[in-house]
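The chain contents come next:
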Amino acid sequence: MSAPPVAPDPFDLVIFGGTGDLARRKLLPALLHRFADGQIAPGTRILGVARDEGLDDEGYRTTVRGWLQPQAGPQRLDAFLALLNYRALDVRHEAGWDEVARLILAPGDRVRVFYLATAPDIFVPICERLRGCGLNGPATRVVIEKPIGSDRASAAGINDAIGHCFDERQTYRIDHYLGKETVQNLTALRFANALFEPIWRAEHVDHVQITVAETVGVEGRAAYYDRAGAMRDMVQNHLLQLLCLVAMEPPSRLSADALRDEKLKVLRALRPIGAANAASLGVRGQYRAGAVDGQAVPGYPDELGAPSRTETFVALKAEVANWRWAGVPFYLRTGKRMPLRVSEIVVSFRAVPHSIFEGSTGPIHPNRLVLRLQPDESVTLWLTNKVPGPGGMRLRDVPLDMSFAETFGRQHHVDAYERLLMDVVRGNPMLFMRRDEVEAAWAWADPILAAWAASDDAPKPYTAGSWGPSAAVALIERDGRTWIDDVD
Ligand code: NAP
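Let us look at the structure shown here. (Residues numbered from 1 in each chain as written. Predicted model: local features only at pLDDT ≥ 70, side-chain atom pairs only at ≥ 80, totals over all residues. Heavy atoms only, no water.)

## Topic: the overall build of the protein
We count it as follows: Every helix listed is a DSSP run of H or I at least four residues long, and every strand listed is a run of E at least two residues long, numbered separately from the N terminus. As defined in this context, the radius of gyration uses C-alpha atoms, and a globule is described by 2.2 Å times the residue total to the power 0.38. Burial classes follow relative accessibility: with a 1.4 Å probe on protein chains only, a residue under 20% of its type's maximum area counts as buried, one over 50% as exposed, and anything between as partly exposed. Any pair of residues with heavy atoms lying within 4.5 Å of one another is described as a contacting pair. Here, Shrake-Rupley sampling with a 1.4 Å probe gives the accessible areas, and only protein chains in the shown set may cover a residue. Counting rule applied: Lys, Arg positive; Asp, Glu negative; His and chain ends not counted. Here the site of a charge means NZ on Lys, CZ on Arg, CG on Asp, or CD on Glu.
Across its full length, the protein holds 15 helices and 17 strands. The C-alpha radius of gyration computed for the protein amounts to 24 Å, which stays within 12% of the reference 23 Å derived for 488 residues, consistent with globular compactness. Principal-axis analysis of the C-alpha atoms places the extent of the protein at approximately 80 × 60 × 45 Å. Here the protein, with 488 residues, has 52% of them falling under the buried criterion. Of the contacts formed within the protein by residues at least 6 apart in sequence, a portion of 77% connects residues at least 24 apart. Surface exposure of the protein reaches about 21,700 Å², of which carbon and sulfur atoms provide 53%. In the protein, which carries 56 positive and 61 negative side-chain charges, the distance between the mean positions of the two groups comes to 2 Å.

Below, the structure written as structure tokens:
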């Protein structure tokens, strides 16, 4: 077994939005786990920033203790909490910044990470203040959460404004899907084995399905979600990033820019979808009242408290128009209030050209490689095998578990945020999106959004707890294929 990586030197991390949902559910638990694994050295400082003036250092530690208590023993938690401080600050105003600057500048030249876990409309004011306060040193990095803009022009505007304050190499645009173990394993499977490469192309791959299904509705994020919708919230970033990793050419080496160059080529090779073909290649839906996990749930307009034309479901038939993939559909699907919470990529290979078996032996289904990202991470290759024993040739589909859990032993499951936060500290931008990728993804999404906005048709209703509108089923069944909903 390989040794754990050496812990980086003590660093400073400022979480703008230190009291928010992302900090509570993802960032602070991730930091606690890395600390417990010895990957965060004593002397590291984590500063939470938000407007709440009722909090001070102790009050913040007490709040965070309440969030993290179930996840660590008291001693470890105490040691972690000792790294935390808090400053109340409205980032839009001058007051309070000098105090943050004094605190951060004090130990001199160490890695400084500014994590912008706030609404995107204050990303730029934060960056401008950071620069104005002289906090942009040689080892400064800024982490930006999605969404980066709502179209190409606004994304470029944000990127320009941030670029005015920080170099591209200092800017870490996070897409936490890229930090998932299975997503990295896809790169290992493809490029560390000679087996898959010859068949990873149109001649052998029938189609690819990428599904990101959520059971939740809009929860507390209705105002944001109604402005965004599933296309902006999910497809433009997470689903396209996954598509890129499936479709990209082998980079010449595993370096941040080599990998991102290849992803960019995929985005630029996506066949455009716009006014002429959006209706035939895409389906938008919106959930109505139904039941998920046996619980009755309201429809989207009721949850929102108003009628809306925002889509909570998208299905698209995309194509990467290049030599490797021409003609291979990439079916993308994401939605809220689906029957299952599941994110997975299914690479479906072509059927055998001719069956030598009688019908009575059982069907021969095409092989498929299933990469599951959540809820559990796994890689499964579905093969057709002979059912052992007498009774002639009977065939059955069997899953080959390629996660190799036994080979690697029981390991602590490292959350994507754990990996990504430590990559920022170490200065490794490989799993973060470069500016041109973000803008290329918008350049593909914009005409689809424009076509939908110009259309008289509203998103098609679907019952909460179903796999979306029937039109989404028709989208794939027209091609003689079906959505794979039953993989386990
Ligand atoms: P949130 O719960 O609304 O938290 C926002 C945080 O920002 C709070 O701590 C808030 O505290 C602080 N804040 C707001 N205005 C401020 C100001 N003017 N000055 C200083 N602090 C301010 O939001 P969130 O869900 O954590 O999301 C944060 C970012 O992550 C968003 O860009 C979101 O799109 C992205 N994101 C979130 C998730 C998630 O799971 N939550 C997932 C993916 C991406 P005060 O109100 O006390 O100031």
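## So, the state of the cysteines
Defined as follows: By definition, disulfides here are pairs of cysteine sulfur atoms that lie within 2.5 Å.
Here the structure, examined in full by the defined rule, presents zero disulfides. Here Cys133 is not disulfide-linked; the sulfur of Cys165 is the nearest cysteine sulfur, at 11 Å. Look at Cys133 and you get partly exposed, because its relative accessible area is 23%.

## Brief notes about the pairing of strand 2 (residues 45-50)
The following threshold applies: Only strands joined by at least two bridges in the DSSP assignment are considered to pair. If the strands point away from the viewer and the path from the first strand over the helix to the second runs clockwise, then the crossover is right-handed.
Of all six residues in strand 2, five are buried, a share of seventy percent or more. Strand direction decides the pairing type here: strand 1 (residues 12-16) and strand 2, joined by five bridges, are parallel. The residue of strand 2 that forms the bridge with Val14 is Leu47. Each parallel crossover has a hand, and the one from strand 1 via helix 1 (residues 21-36) to strand 2 is right-handed. Bridge count for strand 2 against strand 3 (residues 84-88) is five bridges, and the pairing is parallel. Paired with Ile46 across the strands is Leu84, a residue of strand 3.

## Describing the site of the ligand
Going by this rule: We call a residue near a given molecule or strand whenever any one of its heavy atoms falls within 4 Å of it. Residues adjacent in sequence count toward polar contacts only when both atoms are side-chain atoms; beyond that, a polar contact is any pair of N or O atoms within 3.5 Å, and within protein one must be able to donate a hydrogen and the other to accept it.
As a structural note, the neighbourhood of the ligand is formed by 20 residues, with Thr19, Asp21, Arg25, Arg51 and Thr118 the closest of them. Contact distances for the ligand include 2.7 Å between an oxygen atom and a side-chain N or O atom of Thr19. Arg51 is positioned with one of its side-chain polar atoms (N or O) 2.7 Å from an oxygen atom of the ligand. When the ligand sits alone it has 880 Å² of accessible area, and the protein chains cover 78% of it. It is helix 1 that contributes the most residues to the shell around the ligand, three residues altogether.

## Side note on the sheet that holds strand 3
Within a beta sheet, neighbouring strands are joined by backbone hydrogen bonds and run either parallel or antiparallel to one another. Put simply, the test is: Here the axes come from fitting lines to C-alpha atoms, over the contacting stretch only for helices, and the angles between their N-to-C directions go from 0 to 180 degrees.
Here six strands make up an open sheet; going across it, the order is 3-2-1-4-5-6 and the pairing parallel. Across the chains shown, the open sheet's two edge strands, defined by having one partner strand only, are strand 3 and strand 6 (171-173). Strand-to-strand twist of the sheet, defined as the mean angle between neighbouring strand axes without regard to direction, takes the value 20°. Against the sheet, helix 5 (residues 123-132) touches strand 1, strand 4 (112-116) and strand 5 (140-144), its axis set at about 155° to strand 4.

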